[in-house]
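Fold and geometry: a report
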Amino acid sequence: MKAWMKEVGLAMNFSELDVTEEMIGNIVDGTLILKGVNKLPSGNDIREVLLQAM
């Protein structure tokens, strides 16, 4: 799947989209969290996932 995604030109991580760590706070602030899941993620949870995507 990863090879195909690269073949069709999809970004594989945030750095390929020129997203920097300084931008993460704004991305977290703009994240829409919908109720209806077992555990709502906190801003810190979201930040950790996004940093792992760097």
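See the structure printed just above.
Here we summarise the structure given alongside this text. Just so we're clear, the structure is a prediction, and the values are computed from it rather than from any experiment.

Despite not being glycine, Asp18 has its phi angle at roughly 65 degrees, a positive value. Mapped onto the elements of the fold, Asp18 is located in the loop between helix H1 (2–7) and helix H2 (24–29). Look at Asp18 and you get exposed, because its relative accessible area is 61%.

So, on to the environment of Ile24. Mapped onto the fold, Ile24 is located in helix H2. Placed 22 residues apart in sequence, Ile24 and Ile46 show a C-alpha to C-alpha distance of 9.4 Å.

What counts and how
- Residues numbered from 1 in each chain as written.
- Predicted model: local features only at pLDDT ≥ 70, side-chain atom pairs only at ≥ 80, totals over all residues.
- Heavy atoms only, no water.
- Helix = DSSP H or I, 4+ residues; strand = E, 2+ residues; numbered from the N terminus.
- Buried < 20%, exposed > 50% of the residue type's maximum accessible area, 1.4 Å probe, protein only.

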